[in-house]
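# Architecture at a glance
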Amino acid sequence: MGLASREIEAAGISTICLSMIPELTAATGAPRVAAIEYPFSRSMGMVGDAAGQAAVLRAVLDALATAGSYGSVIELPFQWPEPRRKAMGALPQPPITVLCKRKPWLYFKLLSGEIPLPKQTGATR
Amino acid sequence: MLISGIALVDSFKFLDFAARKLMKAWSDREPRRPPVWTPLKRPLAQSRIALISSAGIARNDQPPFDQDGERRNPWWGDPSHRVLPRGTTERDVRLYHMHVETRYGEQDLDCVLPLRRLEEAQQAGVIGSVAPSHYSFMGYLLDAGPFLTKTVPQIVARMKSEEVDAAVLVPA
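Here goes a summary of the coordinates provided. (Residues numbered from 1 in each chain as written. Chains lettered and ligands numbered in written order. Predicted model: local features only at pLDDT ≥ 70, side-chain atom pairs only at ≥ 80, totals over all residues. Heavy atoms only, no water.)

## Structural notes on the pattern of salt bridges
Close approach of charged atoms lets side chains of opposite charge pair. Residues and elements named next belong to chain B. Spelled out, the test is: Throughout this description, the term salt bridge denotes a Lys or Arg side-chain nitrogen within 4 Å of a carboxyl oxygen of Asp or Glu. Going along the chain from the N terminus, every DSSP run of H or I of four or more residues is numbered as a helix, and every run of E of two or more is numbered as a strand. Accessible area is worked out with a 1.4 Å probe on protein chains only. A residue is then buried under 20% of its type maximum, exposed over 50%, and partly exposed in between.
Throughout the structure, instances matching the rule amount to 18 salt bridges over all chains. Here D68 and R71 are joined by a salt bridge, their closest N and O atoms 2.7 Å apart. Of this pair, D68 and R71 are both found in helix α2 (residues 67-72), three residues apart, which corresponds to roughly one turn of the helix. On the basis of relative accessible area, D68 is assigned to the partly exposed category, the value being 45%. Across the pair D108 and R116 runs a salt bridge whose closest N-O atoms are separated by 3.2 Å. When its relative accessible area of 8% is taken as the criterion, D108 is described as buried. Take R116: its relative accessible area is 28%, and that puts it in the partly exposed class.

Following this line, the structure appears as structure tokens:
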């Protein structure tokens, strides 16, 4: 997200990244970050909560208009209305998680950023 | 690197232990990059805005994102994108990101791609106009190379042709 925003910004279009992981997004060098403490899968708000989603969008647009310099991180004042466990729910197990559970040493490769090239993993693409 | 400016928002609150470790390790490893900055060319109330979602949203009349490719090679993510015309709703799409709960966005697309909320912002005079096209890609890309060198330039070219002033990137 942050790296994409840099490319877009460099091409002459202003950007703002809403982020639930603002430390990572800011670390990639995103020009403007709007930080929000919301769960994954629902970054704008709860299903059907038009007023809540509108408030988040307005805050993001405000941050876009007022962020004055590169690397601005604007913290949005919203609190998710559900407890953490309930908000997280049962997230799906993506293929990389399943693989790392089967071969735990691969998690450490992931941690160190050693991403195997397609040939090494025997992938078809 | 702890970004000292982030005081209130816990970047890792909704992550489990393993994912939290990963995100912290990845944040620490990011190199310092040179600044890029394009000031907003006109006031927000006159600006044309496009949305970009990482939820892997594809319209039902478009090819789906390649989930099988990621199943075959869990280190790989589909680096392509889909163009979502203004007016797209949850009735028109499916979400393909395999790392998030897709049913919320399929019930109410504005949870991850606030197109209706953006229309309201235009009606209220907060923004100038809603762009004709919006965009989505798959948020899981360990190797962002092909996405950054091929996909993002296509998105940029289309945004330029539609005279977009600013892009709001919405994570999933």
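Back to the write-up after that little detour.
## Considering the nonpolar core
Applicable threshold: We call a set of buried Ala, Val, Leu, Ile, Met, Phe, Trp, Tyr and Cys residues a nonpolar core when their side-chain atoms join them within 4.5 Å. It only takes one pair of heavy atoms within 4.5 Å for two residues to be counted as in contact.
Membership of the largest hydrophobic core comes to 57 residues, with the highest contact counts inside it found for A:L18, A:V60, A:L61, B:I49, B:I57, B:I127 and B:V168. With seven residues, helix α3 (residues 50-66) of chain A is the single largest residue contributor to this core. For A:L61, the residues in contact, after removing those within four places along its chain, are B:L44, B:A121, B:V126, B:I127 and B:V168. One finds A:I8, B:I52, B:Y135 and B:L148 within the second-largest nonpolar core, a separate group that totals 24 residues.

## Details of the packing of aromatic side chains
Residues and elements named next belong to chain A. Heads up, the rule is: Within 6.5 Å between ring centres, the rings of Phe, Tyr and Trp (the latter by its six-membered ring) count as paired, and their orientation is classed by plane angle as stacked under 30 degrees, edge-to-face over 60, tilted in between.
Evaluation of the coordinates by the stated rule reveals five aromatic pairs over all chains. Consider the rings of Y38 and W80, whose centres lie 4.7 Å apart with planes at 75°: the pair is edge-to-face. Pair noted here: Y38 is in the loop between β2 (32-37) and α3 and W80 is in the loop between β3 (72-79) and α4 (84-88), with a separation of 42 residues, a long-range link. Exposure remark for Y38: the relative accessible area of 8% places this residue in the buried category. Residue class for W80 comes out buried when judged on its relative accessible area of 9%. The interplanar angle of 80° and the centroid separation of 5.6 Å between the aromatic rings of Y107 and F108 together place this pair among those described as edge-to-face. Judged by relative accessible area, Y107 falls into the buried class, the value being 17%.

## Description of the interface of chain B and chain A
Stated formally: Here the buried area means the combined drop in accessible surface, using a 1.4 Å probe, for two parts upon being joined, counting both sides.
With 84 residues of chain B at the contact, the number on the chain A side is 85 residues. Both faces combined, the contact of chain B with chain A buries some 7500 Å², and carbon together with sulfur accounts for 69% of it. Its largest share of buried area at the contact with chain A, chain B owes to B:F14, B:W37 and B:W75, together 13% of the area lost on that side. Put simply, chain B and chain A have one salt bridge between them. A:E37 is paired through a salt bridge with B:K13; the nearest N and O atoms lie 3.4 Å apart.

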